[in-house]
Amino acid sequence: QVQLVESGGGLVQAGGSLRLSCTASGGTFSRYRMGWFRQAPGKERDFVAGISWSGGSTDYADSVKGRFTISRDNAKTVHLQMNSLKPEDTAVYYCAADEVDYSSDYVKNWGYEYWGPGTQVTVSS
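So, here is what we can say about the structure in this document. Every chain's residues receive numbers from 1 upward, in the order its sequence appears when written. With pLDDT at 70 or above as the cut-off, local features in this predicted model cover only qualifying residues; side-chain atom pairs require 80 or more to be listed or tallied, and sums for whole chains, interfaces and linings still use all residues. Side-chain calculation: all heavy atoms of the structure are included, whereas hydrogens and water are not.

1. Here we look at the nonpolar core
Then comes step 1: Counting 33 residues, the largest nonpolar core has Leu 4, Met 34, Trp 36, Leu 80, Met 82 and Tyr 93 as its most contacted members.
Then comes step 2: Secondary structure elements follow DSSP: runs of H or I of four or more residues count as helices, runs of E of two or more count as strands, with numbering from the N terminus. Put simply, the parts of the chain that give this core at least two residues each are strand 3 (18–25), strand 4 (32–39), strand 5 (46–51), strand 7 (68–72), strand 8 (77–82), strand 9 (91–99) and strand 11 (119–124).
Then comes step 3: Top contributing element to this core by residue count: strand 9, with five residues.
Then comes step 4: In contact with Leu 4, not counting residues within four places along its chain, are Cys 22, Thr 23, Ala 24, Met 34, Cys 95, Ala 96, Ala 97, Tyr 114, Trp 115, Gly 116 and Pro 117. Working definition of a nonpolar core: buried Ala, Val, Leu, Ile, Met, Phe, Trp, Tyr and Cys residues. They are joined through side-chain atoms within 4.5 Å. Only protein chains enter the accessibility calculation, which uses a 1.4 Å probe; a residue is then buried when its area is under 20% of its type maximum, exposed when over 50%, and partly exposed in between. Contacts are residue-level and defined by heavy atoms, with any inter-residue pair within 4.5 Å sufficient.

Right, here's the structure in full:
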């Protein structure tokens, strides 16, 4: 069973930065396509950013382009660097992952199989 462990959430003032991290474990191939989603109170869970297992492909929601950067250390660990944070970025952020084989080196923005418990990000104005 794949498990995801997130870290790095917190409270920050508008214009500040935070870095989220997520590590996957427990799979068979030890290779994961990963992404970040967020859910604000009373709203649906939305895609934020995604990255292929090799890190060669990335994708971002329009609302975070130019401010957020997704990256990875290896096939199991991903980071989300969030700069120029706005109050509307306040949400619970979820790490998501698919365990993939070597040939599935692409990013996607929906339909992930595994999810982390979420980490709160609060941006004060």
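On we go.
2. Here we look at the pairing of strand 4
Then comes step 1: For strand 4, the tally of buried residues reaches seven of eight residues, placing the bulk of the element in the interior.
Then comes step 2: By the bridge criterion, eight bridges tie strand 4 to strand 9 in an arrangement that is antiparallel. When the sheet's bridge partners are listed, Arg 33 is paired in strand 9 with Asp 98.
Then comes step 3: A loop of six residues connects strand 4 with strand 5, the two strands running antiparallel in sequence, and Gly 42 in this loop sits at a positive phi of about 75 degrees. For two strands to be treated as a pair, DSSP must find at least two bridges joining them.

3. Section: the side chain of Ser 21
Then comes step 1: Along the chain, the position of Ser 21 falls in strand 3.
Then comes step 2: N or O atoms within 3.5 Å of each other form a polar contact, as long as, within protein, one can give a hydrogen and the other can take it, and as long as residues adjacent in sequence are counted only when both atoms are side-chain atoms. Among the polar contacts listed, one links the side chain of Ser 21 to the side chain of His 79, at a separation of 2.8 Å.
Then comes step 3: Filtering out sequence-adjacent residues up to four positions away, Ser 21 remains in contact with Val 5, Glu 6, Ser 7, Trp 36, Val 78 and His 79.

4. Re the environment of Lys 86
Then comes step 1: With respect to the secondary-structure elements, Lys 86 resides in the loop between strand 8 and strand 9.
Then comes step 2: A C-alpha to C-alpha distance of 23 Å links Lys 86 and Pro 117, two positions 31 residues apart in sequence.
Then comes step 3: The contacts of Lys 86, once residues within four sequence positions are left out, are Arg 67 and Val 123.

5. Focus on the sheet that holds strand 3
Then comes step 1: What the four strands build is an open sheet, ordered 1-3-8-7; its pairing is antiparallel. Of all strands in the sheet, those with a lone pairing partner are strand 1 (3–7) and strand 7, marking the two edges. Neighbouring strand axes in the sheet, compared pairwise and without regard to direction, differ in orientation by 15 degrees on average.
Then comes step 2: With six bridges joining them, strand 3 and strand 8 adopt antiparallel strand pairing. Between the N-to-C directions of two axes lies an angle of 0 to 180 degrees, each axis being a line fitted to C-alpha atoms and, for a helix, fitted only over the stretch in contact.

6. Re the pattern of salt bridges
Then comes step 1: We count a salt bridge whenever a side-chain nitrogen from Lys or Arg sits within 4 Å of a carboxyl oxygen from Asp or Glu. Scanning the model with the defined rule gives five salt bridges in all.
Then comes step 2: Here Arg 33 makes a salt bridge to Asp 98, at a shortest N to O gap of 3.0 Å. Of this pair, Arg 33 sits in strand 4 while Asp 98 sits in strand 9, and the two are 65 residues apart along the sequence. Each member of the pair, Arg 33 together with Asp 98, is buried.

7. Re the environment of Gln 81
Then comes step 1: Examined against the element boundaries, Gln 81 turns out to sit in strand 8.
Then comes step 2: Judged by relative accessible area, which is 25%, Gln 81 ranks as partly exposed.
Then comes step 3: Distance from Gln 81 to Leu 18, taken between C-alpha atoms, is 6.2 Å for residues 63 residues apart in sequence.
Then comes step 4: If sequence neighbours within four positions are ignored, Gln 81 has contacts with Ser 17, Leu 18, Arg 19, Arg 67, Phe 68 and Thr 69.
Then comes step 5: At 2.9 Å, the side chain of Gln 81 and the side chain of Asn 83 are in polar contact.

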